[in-house]
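Here are the chains, one letter per residue:
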Amino acid sequence: MPRASQSPRQSSAAPRAAVAPKPGDAAGSYEIVKTDAFEWLAAAEPCSIHAVVTDPPYGLVEYHPDQLTKMKNGRGGVWRIPPAFDGRKRKPLPRFTVLTEKDRTSLAAFFKDLATALQRVLVPGAHVFIATNPLVSPFVYTPFMEAGFEKRGEIIRIVHTLRGGDRPKNAHEEFAEVSVMPKSCWEPWGLFRKPCEGRVQDNLRKYKTGGLRRPSENEPFKDLIHAAPARGREREIAPHPSLKPQRLLRRLVRASLPLGEGVVLDPFMGSGATIAAATALGVKSIGLEVDSSYFKMATAAIPKLAALTLPEYP
Ligand SMILES: C[S@@+](CC[C@H](N)C(=O)[O-])C[C@H]1O[C@@H](n2cnc3c(N)ncnc32)[C@H](O)[C@@H]1O
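Read on for a plain summary of the structure. (Residues numbered from 1 in each chain as written. Predicted model: local features only at pLDDT ≥ 70, side-chain atom pairs only at ≥ 80, totals over all residues. Heavy atoms only, no water.)

Things to note about the overall build of the protein
Then comes step 1: The secondary structure content of the protein amounts to ten helices and eleven strands.
Then comes step 2: In the protein, which comprises 314 residues, the share counted as buried stands at 49%.
Then comes step 3: Of all intrachain contacts in the protein linking residues separated by at least 6 positions in sequence, the fraction that spans at least 24 positions is 75%.
Then comes step 4: Counting every atom, the protein has about 15,300 Å² of accessible surface; 56% of that belongs to carbon and sulfur. (Helix = DSSP H or I, 4+ residues; strand = E, 2+ residues; numbered from the N terminus. Buried < 20%, exposed > 50% of the residue type's maximum accessible area, 1.4 Å probe, protein only. Contact = heavy atoms within 4.5 Å. Areas by Shrake-Rupley, 256 points an atom, 1.4 Å probe, with all protein chains shown as cover.)

Overview of the site of the ligand
Then comes step 1: Ala37, His240, Lys244, Ser271 and Glu289 are the nearest of the 21 residues found near the ligand.
Then comes step 2: In the environment of the ligand, a nitrogen atom lies 3.3 Å from a nitrogen or oxygen atom belonging to the side chain of aspartate 36.
Then comes step 3: Relative to its free-state accessible area of 610 Å², the ligand is covered by the protein chains to the extent of 95%.
Then comes step 4: Its residues placed into classes, the shell around the ligand shows eleven nonpolar, five polar and five charged. (Near = heavy atom within 4 Å. Polar contact = N/O pair within 3.5 Å; in protein donor to acceptor, adjacent residues only side chain to side chain. Nonpolar A, V, L, I, M, F, W, Y, C, P; charged D, E, K, R; others polar.)

Considering the pairing of strand E3 (residues 49-54)
Then comes step 1: For E3, the buried fraction is high: six of the six residues fall into the buried class.
Then comes step 2: The sheet contact formed by E3 and strand E6 (residues 122-131) spans five bridges and is parallel. Counted as the bridge partner of isoleucine 49 is leucine 122 from E6.
Then comes step 3: Across two bridges, the pairing between E3 and strand E10 (residues 263-266) is parallel. Bridged to valine 52 within E10 is leucine 265. (Pairing = 2+ DSSP bridges.)

Re the packing of helix H4 (residues 101-121) against helix H5 (residues 137-146)
Then comes step 1: Running from amino to carboxyl end, H4 crosses H5 at an angle of 40°, the nearest separation of the two axes being 8 Å. Of the possible angle classes, the one that applies to H4 and H5 is oblique. Where H4 crosses over H5, the handedness of that crossing is right-handed. On H5, the residues that touch Arg104, Leu107, Ala108, Phe111, Lys112, Leu114, Ala115 and Leu118 of H4 are Phe139, Val140, Pro143 and Phe144. (Axes fitted to C-alpha atoms, helices over the stretch in contact; angles between N-to-C directions. Parallel < 35°, antiparallel > 145°, perpendicular 65-115°, else oblique. Left-handed = near helix turned anticlockwise from the far one by under 90°.)

Examining the environment of leucine 122
Then comes step 1: Locating leucine 122 in the fold gives a position in strand E6.
Then comes step 2: When the C-alpha atoms of leucine 122 and serine 48 are compared, they prove to be 6.0 Å apart, with 74 residues separating the residues in sequence.

What about the nonpolar core?
Then comes step 1: If you look at the biggest cluster of nonpolar residues, it comprises 37 residues, and the most contacted ones within it are Val53, Phe129, Ile155, Trp189, Leu252 and Leu305.
Then comes step 2: Residue assignment for this core shows that the elements contributing at least two residues are strand E2 (30-34), E3, E6, strand E8 (186-193), helix H8 (246-256), helix H9 (273-280) and helix H10 (292-307).
Then comes step 3: A total of six residues in this core trace back to one element, the largest contributor, which is H10.
Then comes step 4: Formed by 32 residues, the second largest nonpolar core is a distinct cluster that contains Phe110, Leu118, Leu122 and Leu265. (Core = buried A, V, L, I, M, F, W, Y, C linked by side-chain atoms within 4.5 Å.)

Focus: H5
Then comes step 1: Inspection of H5 places Ser137, Val140, Tyr141, Pro143 and Phe144 among the buried residues, and these make up the whole buried set.
Then comes step 2: In this structure, the buried side of H5 is in contact with H4, E6, strand E7 (150-158) and E8.
Then comes step 3: Looking one or two residues beyond H5, the residue adopting positive phi is glycine 148, at roughly 105°.

Regarding the pattern of salt bridges
Then comes step 1: What the rule picks out here adds up to ten salt bridges.
Then comes step 2: Between arginine 104 and glutamate 101 there is a salt bridge, with its nearest N and O atoms 3.4 Å apart. Residue arginine 104 and its partner glutamate 101 are located together in helix H4, separated by three residues, close to a single helical turn.
Then comes step 3: By relative accessible area, arginine 104 is classed as partly exposed at 29%. (Salt bridge = Lys/Arg side-chain N within 4 Å of Asp/Glu carboxyl O.)

Some points on the packing of H8 against H9
Then comes step 1: Direction vectors running N to C along H8 and H9 enclose 65°, while the axes themselves pass 9 Å from each other. In terms of crossing hand, the pair formed by H8 and H9 is right-handed. Between H8 and H9, the contacting residues are Gln246, Leu249, Arg250 and Val253 on the first element and Ala273, Thr274, Ala276, Ala277, Ala278 and Ala280 on the second.
Then comes step 2: Of the residues in the contact of H8 with H9, the class split is seven nonpolar, two polar and one charged.

Topic: the pairing of strand E11 (residues 284-289)
Then comes step 1: Here E11 lies mainly inside the structure; six of its six residues are buried.
Then comes step 2: Because side chains alternate across E11, one face comprises the buried residues Lys284, Ile286 and Leu288, and the other comprises Ser285, Gly287 and Glu289, equally buried.
Then comes step 3: Of the pairings in the sheet, the one linking E10 to E11 comprises four bridges and is parallel in character. By the bridge assignment, aspartate 266 is partnered in E11 with glycine 287.
Then comes step 4: This β-α-β element, E10 to H9 to E11, shows right-handed connectivity. (Right-handed = clockwise from strand over helix to strand, strands pointing away.)

Okay, structure coming up:
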């Protein structure tokens, strides 16, 4: 059963020690908290989380209240509506190319704080899967490595988005054969591990972490995943502007716990898609979200997304 809590900031109560789902809790149980992730992480028990699968606000500015208002009004700010070419209504996308030097500095500071906070709450050998994009990934990866995480690879999600590939703004005709940057056809997910205590086998025995779960005994977990943007029923259930598909998240969440035991955290859960994936897989999880409307969306969406049947997870 889900447990929903209010953030210390919202309730103005003293920050409580965050409690992960307990060993006796049912498989697939989850807790969602309306909170600032950094406040929650500061109060969380050390060495209590076994994996993180998250899609952070990597432009940082795009989820500030003023930018969300501009997105809802359809004018100005970092969100843009991709050009319509087939009569279909398109959802807004954040335009990361407008990040200034100041934005890039605060991006690196944000991920330094996140990596430092995660080092404390993760058990040795815990993996972090973190969504990014080819433009900003260095500002995510470097702070993680500086905070003591090992970079264990990168998951490449093949996905055709509407981002990039455009001709120079206001000079489309003059430079008809020029793209300012490549049209993006892939999404990188950084893969990090908190160093193991001793050998991987020792760490697996003690903490249930240190490796990645195979899809089957005969097949290793692979770093290339084809996963189209969430559409149809998933998007109806969870109309979050950055909704990630269950097809992708269920693979990542499954891989994140090598023995299928432990607690997965998504500190920036949005509509709760990671938590839904964990629930569908019978894995315990905790989701955090600072925005009231997205928290409400997640509360309703998680059970519905978790109930969806995917061909590879019947
Ligand atoms: C990229 S979205 C995640 C969307 C998610 N992958 C999904 O499928 O719905 C990032 C989310 O982090 C939230 N957020 C931003 N800053 C936060 C913070 N400090 N603490 C918790 N949540 C935060 C935003 O409101 C946003 O919903």
